[in-house]
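# Breakdown of the fold
So the chains spell out like this:
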Number of protein chains: 2
Amino acid sequence: MVQRVSSRQMPGLRMATTIDASKLTVTKTTTPKQKEANADLLFGRTFTDHMLEIDWDTENGWHDPKIVPYGDFQMSPASSALHYSVQCFEGMKAYKTADGDIRMFRPDCNMERLNNSMERLALPAFDGEAFMDCLKTLVKLDESWIPQEEGYSLYIRPTAIGNSPYLGLTAPNHAKLFAILSPVGPYYPNGFKPVRLLADTKNVRAWPGGVGNAKLGGNYGPTIKPGNDAMKDGFDQVLWLFGEDHQVCEIGAMNVFFIMKTKDGKTEVVTPPLSRGDILPGVTRRSILALAEESGDFVVSERAITMNEVHTAWKEGRLMEAFGAGTAAIISPINLIHYKGNDIEFPTGDDIGPVAKSFWRQLCDIQYGIKEHEWSIKI
Amino acid sequence: MVQRVSSRQMPGLRMATTIDASKLTVTKTTTPKQKEANADLLFGRTFTDHMLEIDWDTENGWHDPKIVPYGDFQMSPASSALHYSVQCFEGMKAYKTADGDIRMFRPDCNMERLNNSMERLALPAFDGEAFMDCLKTLVKLDESWIPQEEGYSLYIRPTAIGNSPYLGLTAPNHAKLFAILSPVGPYYPNGFKPVRLLADTKNVRAWPGGVGNAKLGGNYGPTIKPGNDAMKDGFDQVLWLFGEDHQVCEIGAMNVFFIMKTKDGKTEVVTPPLSRGDILPGVTRRSILALAEESGDFVVSERAITMNEVHTAWKEGRLMEAFGAGTAAIISPINLIHYKGNDIEFPTGDDIGPVAKSFWRQLCDIQYGIKEHEWSIKI
């Protein structure tokens, strides 16, 4: 059991002091690490030489930002980050273009979402532009870590934690905003490898009134075991469902899209809606929706879709493609959904479907600066 | 977005190596802390001189347990405890009896629940008895920290975290089981102070198919903001509801009980059932249920109870008492529930009700060794 401490802790929580990027200090490492060959990179295993840290407390607000050599934190064993999951994060990428520029993709969306996640955890508000200024300095400092081959990038993990050195279920009066960088390879180095999904009728990822629409650590840990169980049964990921009518939610840690022929022969792009509050508002998700709208080629629907509807569309030959969408994979094609003992197999088989591939190509072209677009910013 | 790493990480995850309490090493502090006066103790603010740590990794299983001076951890900024909320905990207490003995209350229940929580997070299994042996050594070492006044005790916080130093949503291959100790005062130093609850029709704590029945950090962080919002409106805690019919779940971080007259004049003890999977299986909860059964005085019901039923029973004069139950407060009487603009006020007013008080007295007598009982063990 846990106990709230007095409400006297509350005032001043979201004080308006802001991050001052002009006060950023940089302490360079004296022992730069050896870089691995691109081919040896595994997601999230290798980190660059430096990281960004910005502390906060109720008395002083945001401290001066600092870039320091990548290394362990000193952390109280009573920290609210370790006991009450006062933690949230973002996933972003920096890309090295053919011209040698460094680009980032819609970082304002990540800053907005991180602020929303932090608010949901009673963590302080922060100035996204100031944080981005510090982050850009970090990325430029570790620029030599950005792999240059096509499909490679620098994964950026901004994270916020409550860091009060005491127990008690109350808004933290110490917090830390930090970012670490990890060079990563293409999700599918040898061509697209579509995933086989288990539609999970037992475990539920999120629900209305819960926190599935915020990028909180607490949404992720509980997905590891169901994911492992699915892998033991020969599947790659879990397809999360919700409600007695088994509405489709997300796959693994990605948003999900279906491409279907409507009964009157149009092509519909369907993804579950944000309105229920149980879907993560993905940056890749909203970008695909915008590209789909803009093309004029599709009926674009953010709407509830049940497994029954998916199954019926499949039986009627109207189910064309499905894919996951997220920062890590960009687009992850699906070739099978196992639901209540039945396999729903997609006609795209072992390849990516043409609609998914078109979105993937457009996103990559924007991210790598091949196509100039307001979503991609040079840093 | 996050990305699963290869399933090659999976094998060996729950290897059967066990904690070897005989290998426990003790490193005593050379700088013992000054103890505070009992009257100055605030929950979870003061920690004793030592803590227990047991590391685990996939290659070596459980390392030798160690008691070390209380102090910060060195923690990777990529730790799965900080990003994916791979963390769970327990709350226990050690009591100093009038005879000078140290007692603990049903520690086997906590060990069982911690193992369940860890399994849900793909953390390794551990031997509860061996961990308890180490914990007893720690409590005895810091015995002088157990406050001796009635109502005082030593709060024990066993915690397990995944501690892999990399990103990626996979079962951790490094973990840490640790325990810290905090001397605490009585929850109500000046007599019982009943709490005013806001029945929250917006935020939902847990869901069938979710993890509300495990003591995971991720269940707690998201409750801070709704709790603060309720406090701003003049309430002490949130009463969590579930479903369109607003079934009662828990209050704050405690289980909830209602004492009601049935229509045929019996006295019913009601608490929501574990069967839906969204209620924490509290040790105080199960102890109260057992005491209630044993007394023969009550109809004892683990069953769904809706806010409508509570409201109707109140209007009909059949609602006698309600209280929260948990390790920290033992019993926390409720004097008001605000639901959809209406106040349901309990006839017990500013005091604890007679049924709640009887359970409280019985539990205290057992915990402090005043009444000999198998639940209370001398260490």
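Not measured: the values here are computed from a predicted model.

### Remarks on the pairing of strand β4 (residues 66-69) of chain B
All names here are of chain B. Where strand β1 (residues 25-26) and β4 come together, two bridges link them in parallel fashion. The residue bridging V26 from the neighbouring strand is I67, located in β4. Across four bridges, strand β2 (residues 50-57) lies against β4 in antiparallel orientation. Opposite H50, over in β4, you have P69 as the bridge partner.

### What about the relation of the copies chain A and chain B?
Taken as rigid bodies, chain A and chain B are interconverted by a rotation of 180 degrees and an axial shift of 0.0 Å, the fit giving an RMSD of 0.0 Å. Such a combination of turn and shift is consistent with a two-fold rotation axis. Rotation axis and chain A: the residue whose C-alpha lies nearest the axis is A:G218, separated from it by 2.0 Å. A high fraction, 100%, of the interface residues of chain A reappear at the interface in chain B, so the copies pair face to face through one surface.

### Concerning the confidence of the model for chain A
All names here are of chain A. Per-residue pLDDT for chain A averages 93, and the proportion of residues at 70 or more is 95%. Throughout residues 1-16 the model reports pLDDT below 50, and contacts reaching past four residues in sequence, or to other chains, amount to 40 contacts. Reported confidence for the predicted complex is 0.94 by ipTM and 0.94 by pTM.

### Notes on the interface of chain A and chain B
Chain A puts 71 residues into the contact, and the matching count from chain B is 72 residues. Looking at the side of chain A that touches chain B, the elements that each hand over two or more residues are β5 (73-75), α1 (80-83), β6 (87-89), β9 (153-162), β10 (174-184) and α4 (221-232) of chain A. When residues of the side of chain A that touches chain B are assigned to their parent elements, the largest contribution, eight residues, is made by α4(A). Along the lines of polarity and charge, the residues of the side of chain A that touches chain B split into 39 nonpolar, 25 polar and seven charged. Bridge analysis of β5(A) against strand β5 (residues 73-75) of chain B gives three bridges, and the strand direction is antiparallel. The partner of A:F73 across the bridge, within β5(B), is B:M75.

### Some details on helix α6 (residues 307-315) of chain B
Residues and elements named next belong to chain B. Taken residue by residue, α6 has M307, V310, A313 and W314 as its buried positions. When α6 is viewed along its axis, its buried side chains cluster within an angular range of 125 degrees and face the same direction. Of the exposed residues in α6, those oriented more than 90 degrees away from the buried face are N308, T312 and K315. Following α6 by one or two positions, G317 has its phi on the positive side, about 75 degrees.

### A word on unusual backbone geometry
All names here are of chain B. Within the chain, S85 stands out as a residue other than glycine whose phi angle is a positive 55 degrees. Its place among the elements puts S85 in the loop between α1 (80-83) and β6 (87-89). A residue is classified by how many C-beta atoms lie within 10 Å of it, and S85, with 30 of them, is buried. The backbone of H246 shows a phi angle near 50 degrees, a positive value even though the residue is not glycine.

The rules behind each value
Residues numbered from 1 in each chain as written. Chains lettered and ligands numbered in written order. Predicted model: local features only at pLDDT ≥ 70, side-chain atom pairs only at ≥ 80, totals over all residues. Pairing = 2+ DSSP bridges. Helix = DSSP H or I, 4+ residues; strand = E, 2+ residues; numbered from the N terminus. Least-squares fit on C-alpha atoms with pLDDT ≥ 70 in both. Contact = placed C-beta atoms within 7 Å. pLDDT = per-residue confidence, 0-100. Nonpolar A, V, L, I, M, F, W, Y, C, P; charged D, E, K, R; others polar. Buried ≥ 20, exposed ≤ 12 C-beta atoms within 10 Å, placed from the backbone. Arc of directions from axis to C-beta.

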